Amino acid sequence: MTFTPPLAWSTVAVLAGALAALTVVAYILKMRRRRHEVPFSKLWQRVLDEKDSSSWWKRLKRLISLAVQLTLLTLIVGAALDPKIGNAEAGGKNVVVIVDASASMKAKGEGEDAKPRIELAKDEARKVLRGLGGADLAMLVRMDGQATALSRFEGDVPQLVRAASGIFATDTPADLSRALQAAADALRGRREPLIVIIGDGAYGDDMRARVSWEAGAKIPMNTVDLAGIDVRFVPVGEDGRNAGIVAFNVRRYLANKLSYEALVEVENFGKEPEPVRLTLFAGEEAIDVKTMNLAPGERRRLIYPDLGGGDDRALRAQLETLDASEKPRADAFALDDTAWALLPERKKQRVLLVTPDNLYLEAALLLDPNIAVDKLRPEAYATEVADGKLGGYSVAVFDGWAPTALPAMPAIYFNPPADRSPVAVRGQLTRPFITEVNPDHPLTRWVALADVNIDKASALAPAEGDAVIARSIRDPLIVAGKREGKKFVVYGFGLDGTDLMLRVAFPVMLVNTLDWFAGDDAELITTYRTGRVWNIPVDPDEALREVEVRGPGGTVKAPVANGRARLYGQHAGVYSITTPDGVLGLAANLADPQESAIAPRGELILGGKKLEAPPSFTPSVSRSIWVILVCVGLAMLAVEWWTYNRRVTV
Amino acid sequence: MAILAEKAADRRKLFDDEFLKKLEYLYLVSKKLFAGHIRAERRTRKVGSGIEFADHRGYTTGDDFRYIDWNIYGRMDKLLLRLFEEEEDLSIYMLLDASTSMRIGDAQPKLHYAMKLVAALCYIGLANLDRVSIVPFSDGLHGRLPPARGKGRIFKVFDFLTGVEAGGVTHLGASLTRFVQENKRRGMVVVVSDFYDPEGFEAGLNTLRYHKFEPFVIQLYDPKEANPPLAGDLTLVDCETGEPKEVTISAALLERYKREHERYCEELSTFCTARSIPFFRTHTGVPFDELVLRIFRAGGFLK
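As the structure is a prediction and not an experimental result, all values here were calculated from the model.

Caption draft 1: A look at the pattern of salt bridges. Applying the stated criterion across every chain yields a total of 47 salt bridges over all chains. Two residues, Arg126(A) and Asp123(A), come together in a salt bridge whose shortest N-O distance is 2.6 Å. Remark: Asp123(A) and Arg126(A) occur in helix α4 (residues 117-130); sequence separation between them is 3 residues, near one turn of the helix. Arg126(A) sits in the buried class, given a relative accessible area of 16%. The partly exposed category is assigned to Asp123(A), whose relative accessible area is 28%. Close ionic contact of Asp194(B) with Lys110(B) constitutes a salt bridge, the shortest N to O distance being 2.9 Å. Taken together, the positions of Asp194(B) in the loop between β7 (188-193) and α7 (202-210) and Lys110(B) in helix α4 (residues 110-127) put the pair 84 residues apart, joining distant regions of the chain. No difference in accessibility class separates Asp194(B) from Lys110(B), as the two residues are buried. Here the residues in one salt-bridge network are Arg46(A), Glu260(B), Arg263(B) and Glu267(B), joined through shared partners.

Caption draft 2: Spotlight on the sheet that holds strand β1 (residues 34-38) of chain A. Strand order across the open sheet formed by 3 strands is β1(A)-β9(B)-β10(B), with mixed pairing between neighbours. The outermost strands of the open sheet, each flanked by one partner alone, are β1 of chain A together with β10 (244-249) of chain B. Neighbour to neighbour, the strand axes of the sheet diverge by 35 degrees on average, direction disregarded. Here strand β9 (residues 232-238) of chain B runs beside β10(B); their pairing, made up of 6 bridges, is antiparallel. Counterpart to Gly232(B) in the pairing with β10(B) is Ile249(B).

Caption draft 3: Quick look at the sheet that holds strand β33 (residues 573-579) of chain A. Residue and element names in this part refer to chain A. The mixed open sheet is built from 7 strands, whose spatial order is β28-β34-β33-β30-β31-β32-β29. Here the strands that pair on one side only, and so sit at the sheet edges, are β28 (527-529) and β29 (533-537). When the angles between neighbouring strand axes are averaged without regard to direction, this sheet yields 35 degrees.

Caption draft 4: Molecular detail of α4(A). Residue and element names in this part refer to chain A. Along its 14 residues, α4 runs 20 Å from first to last C-alpha, staying within 8% of the 20 Å computed at 1.5 Å per residue. When α4 is considered as a whole, its buried residues turn out to be Arg-117, Ile-118, Ala-121, Lys-122, Ala-125, Arg-126, Val-128 and Leu-129. The elements touched by buried residues of α4 are β3 (94-100), β4 (137-143), α5 (157-165) and β6 (193-199).

Caption draft 5: Highlighting the environment of Ile277(B). Residues and elements named next belong to chain B. Mapped onto the elements of the fold, Ile-277 is located in the loop between α9 (251-274) and β11 (279-283). Separated by 63 residues in the primary sequence, Ile-277 and Glu-214 place their C-alpha atoms 7.6 Å from one another. Ignoring any residue separated from it by four or fewer positions in sequence, one finds Ile-277 in contact with Arg-209, Pro-215, Phe-216, Val-217, Phe-271 and Cys-272.

Caption draft 6: Fine view of the packing of α4(B) against helix α10 (residues 288-298) of chain B. All names here are of chain B. Viewed as axis vectors pointing N to C, α4 and α10 meet at an angle of 45 degrees, and their least axial separation amounts to 10 Å. Between α4 and α10, the crossing angle belongs to the class labelled oblique. The hand of the α4/α10 crossing is right-handed. Two secondary-structure elements touch here, α4 through Tyr-113, Lys-116, Leu-117, Ala-120 and Ile-124 and α10 through Phe-288, Leu-291, Val-292, Ile-295 and Phe-296. Looking at side-chain class alone, the contact of α4 with α10 contains 9 nonpolar, no polar and 1 charged residues.

Caption draft 7: Looking closely at α4(B). Compared with the 26 Å implied by 1.5 Å per residue over 18 residues, the 26 Å span of α4(B) between its first and last C-alpha is a close match. Within α4(B), 18 of the 18 residues are buried, leaving the element largely enclosed by the surrounding structure.

Caption draft 8: Up close: the side chain of Asp466(A). All names here are of chain A. Along the chain, Asp-466 falls in the loop between β24 (456-461) and β25 (467-472). At a separation of 2.9 Å, a polar atom in the side chain of Asp-466 contacts the main-chain amide nitrogen of Ala-463. Within the structure, Asp-466 has its side chain in polar contact with the side chain of Arg-483 (distance 2.7 Å). Sequence-distant contacts of Asp-466, defined by excluding residues within four places in its chain, comprise Val-423, Val-479, Ala-480, Gly-481, Lys-482, Arg-483 and Phe-488.

Caption draft 9: Structural detail: the nonpolar core. Residues and elements named next belong to chain B. If you look at the biggest cluster of nonpolar residues, it comprises 53 residues, and the most contacted ones within it are Val-190, Ile-218 and Phe-301. At 14 residues, α4 tops the list of elements feeding residues into this core. Judged by nonpolar contacts, the second largest core, of 39 residues, contains Leu-141, Leu-172, Val-189 and Leu-254.

Caption draft 10: Fine view of the interface of chain A and chain B. Between chain A and chain B, the residue contacts involve 22 residues of the former and 38 residues of the latter. With both chains or domains summed, chain A and chain B bury close to 3,100 Å², and 62% of this area falls on carbon and sulfur atoms. As a salt-bridge pair, Glu246(B) and Arg33(A) come within 3.6 Å of each other at their nearest N and O atoms. Between the two partners, chain A and chain B, sit 11 residue pairs in polar contact (both at pLDDT 80 or more). For the side of chain A that touches chain B, the elements supplying multiple residues, two or more each, are β1 and α2 (41-52) of chain A. Among the elements that line the side of chain A that touches chain B, the one with the most residues is α2(A), at 10 residues. Split by residue class, the side of chain A that touches chain B holds 9 nonpolar, 3 polar and 10 charged. Pairing geometry for β1(A) and β9(B), over 5 bridges, is parallel. Its bridge partner lying in β9(B), Val38(A) is registered against Asp238(B).

Caption draft 11: Examining the pairing of strand β27 (residues 486-491) of chain A more closely. Residues and elements named next belong to chain A. With 5 of 6 residues buried, β27 is to be regarded as a mostly interior element. Relative to β27, strand β21 (residues 411-414) runs parallel, the two sharing 4 bridges. Bridge pairing links Ile-412 to Val-489 in β27. Note: strand β26 (residues 475-483) against β27, 6 bridges, orientation antiparallel. By the bridge assignment, Gly-481 is partnered in β27 with Phe-488.

Caption draft 12: Seen up close, unusual backbone geometry. Residues and elements named next belong to chain B. With a phi close to 60 degrees, Leu-129 is a non-glycine residue in the positive phi region. Counting through the fold element by element, Leu-129 comes out in the loop between α4 and β5 (131-137). Overall, the relative accessible area of 26% leaves Leu-129 in the partly exposed class. Of note in the backbone geometry, Lys-212 takes a positive phi value of approximately 65 degrees without being a glycine. Inspection of the secondary structure assignment puts Lys-212 in the loop between α7 and β8 (214-221).

Cut-offs used in this document
- Every chain's residues receive numbers from 1 upward, in the order its sequence appears when written.
- Starting at A for chains and at 1 for ligands, labels are handed out in the order in which the entities are written.
- Whole-chain, interface and lining totals are the exception, using all residues; otherwise, since this is a predicted model, local features are given only for residues with pLDDT of at least 70 and side-chain atom pairs are given and counted only at 80 or more.
- Side-chain numbers come from the whole structure's heavy atoms, not from hydrogens or water.
- A carboxyl oxygen of Asp or Glu within 4 Å of a side-chain nitrogen of Lys or Arg is what we treat as a salt bridge.
- For the purposes of this entry, the term helix denotes a DSSP run of H or I that reaches at least four residues, the term strand denotes a run of E that reaches at least two, and both are numbered from the N terminus.
- Between buried and exposed lies partly exposed: a residue is buried under 20% and exposed over 50% of the maximum accessible area for its type, with that area taken using a 1.4 Å probe on protein chains only.
- Between any two strands, at least two bridges found by DSSP are needed for them to pair.
- All axes are obtained by fitting lines to C-alpha atoms, using only the stretch in contact for helices, and the reported angles, taken between N-to-C directions, cover 0 to 180 degrees.
- Here the expected span of a helix is defined as 1.5 Å times the quantity of residues minus one.
- Contacts between residues were defined by any pair of non-hydrogen atoms, one from each residue, lying within 4.5 Å.
- Oblique is the label for every angle not falling under 35 degrees (roughly parallel), over 145 degrees (roughly antiparallel), or within 65 to 115 degrees (roughly perpendicular).
- For any pair of crossing helices, the crossing counts as left-handed if the nearer helix is rotated counterclockwise from the farther one by less than a right angle, and right-handed if it is rotated clockwise.
- Gly falls in the polar group here, along with every residue not listed as nonpolar (Ala, Val, Leu, Ile, Met, Phe, Trp, Tyr, Cys, Pro) or charged (Asp, Glu, Lys, Arg).
- The term polar contact refers here to a pair of N or O atoms within 3.5 Å; inside protein, the definition further demands a hydrogen-donor-capable atom paired with an acceptor-capable atom, and it admits residues adjacent in sequence only when both atoms are side-chain atoms.
- The nonpolar core is taken to be a set of buried Ala, Val, Leu, Ile, Met, Phe, Trp, Tyr and Cys residues, with the residues joined through side-chain atoms within 4.5 Å.
- Reported buried area values correspond to the accessible surface (1.4 Å probe) lost by two parts on association, with both partners' losses combined.

This is the structure we're talking about:
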């Protein structure tokens, strides 16, 4: 019989001794009884004399009761030690079974009845677990983009088999290094460590190389130390033809946001030429269909320029492999045959230009086809506001003038009067130079302001929360921020005393400003890869703490830190994120050629060492008997309860 | 079962007008039951110089030969002496158990019940112009109400009973020995007690008999004494001796106790019956007037 104590033997012994002593003391101590006055104790004495005639039985009952309590204690302590009977040899193995549940494990072999690889891997895992020896302990780990322990080290084979049966493949690439590292950490300090990898062996060369077998060797970072650990490999899966999409993205043109271009990369991972048909959908509407022949191993990049039309922002690329009659046929790996992308939202802005007359400013605004400009003289502004005619404008531009009240839309101010400026003016500067530009602000993207000449300017005094876009030494010249929930940009100088409007930077900065007002971000990423943690910008104010993400795997809550939601991408597809400002969309694709290369490896070489098949475990009948001990204890308790209530033992 | 604190104020309520009306009713009933008897004509069983023949006994030297029954001598040639019942006023002694155990009782303490019973019997005795006296006892005698006669003395009875102090261990033997030593005038001795005497009741009652008193036994108990609602592990403490006993009450033990209580009461009953001592047993759940009527109907108290 072997034991697996949850604590050190000495601790168990001390605990058991203390509990036994407490039990005995409880029996030795005189029970404090409730007092009750009777009129004539002689009658009770007569009854008790009759009963006490069997006082030896009374004493014996007390001893039996103590013995029962001590037996119960022994049973409980015994059960806690998890005793096992049978041929449980002392030198059992500690096994970590890593089951590959990456995207490539969704691949199926040829034929209708072919099982996905993940099912084959689960069969193999169950086989390995059922073959464990009596003293062997095993831990089950699921490997995809993460390494997830599905059990602790235990010898309960049915429990392990149940855990193995619950494994499912995800849409993420396999992270072998992470799984090996987790297994090595779990096995550290355990006797006869063994790792069994069950998968298709399609892991990146760099991951397979980042393994060290040498004991005591200096190990570089990102290298898994497997010294002293026996690592075995069980290959699953059969070869299959696969052509897939390995990249798909889309972006709007900066100058014309009504149009966009898409990029698709397809690759043939098989050993034979593959005729394929690539269809591009905008929503449910096919906007392009291409048929092509992909040579073995050929990767082809396709760019679709000047796409437009359709209101649906979701694009889908569908790749079909064709047979000789150009009819679609089943692909071994369906996951990479579909890819999604989302277009950044398209917005056309109406701009109200309030100026006495400024041809340069008007021309710069007219350069952008995404905006419509209406001009208004400053003296007519108050009337228009009073008539409620300015409700449809999304941006106001004030040139050398500013209204007394803040407008109900974002606004750009050029040299506003000091008493009406949203940013306080703290002084006047003569011939200032722009010495410092905020490079991180969206307004300054692709803009150089270093040699702009300015005749005279107001030194601005930004309020807390305002961002200084440009300054002359210490004096802010351009400030951006928010007032009453509306964004603004204030230029401390007028356009009639500078050569800024003659530069390329001017219209670009205007476009940047209008994009910033509209919430557009040309660098916004809307397409992500699975198997990674996504940092999705959701809240520029950084006040949000959590968002709801609805995706192919269901609805989850994602935490938000520093204005970005963090989410581990487990499934490919289209996601929507609900924020207080609206709903954001993003698309996720496998986009991993390594995973799409589904050809299984019959052998796995890690750090230059070829992995062998798992050893046969020493079969033995070993059975945990703690359940029996607990049942016996419960039965004893039940008997004692019954006899007590029947007043047999009192 | 709770031992109630004895307070004189509580006892005052025992003898209110309602109680007095009940006594009067009982007296009328007693008169109806024994119509024709004249007052103060109840006789003791003392054999002496009366006129009503009682018995014969052998002549011994020194006897008054005027009482020799010559007719018997003529027929049987034996000298037998004729005995006559001595006529004198009946003395009724009410011996009231005032030990600690008499304070027991949930609805009412046994002592209160006994007091009402004693008061009722006293009233009947007083009304019949008997010489009625009350002697409380426990391990000894605790004072006495001097013999009195006439209904008008009933208030003295009430006052006396109200002032009786309860306490002490029941000791019938010692108490009744003391009683016969102090009372030379023979008469009826009504012993109202629970008879929970660790030394036994036999010695005390025999003492009365040996001294030519006429014992009249009334045993009182509380219903919960006969059927105690107990369970579990308890320390039973004798309310008189303070002696503790640790017991675990089971249904079987309770059953044995009930049997034992019944057996004890039967022992007392058998003892009295065997010796022609009138015996009545009741519990405090029975109305006292009902008990008094039962005593009347059974005879023995009313002559």
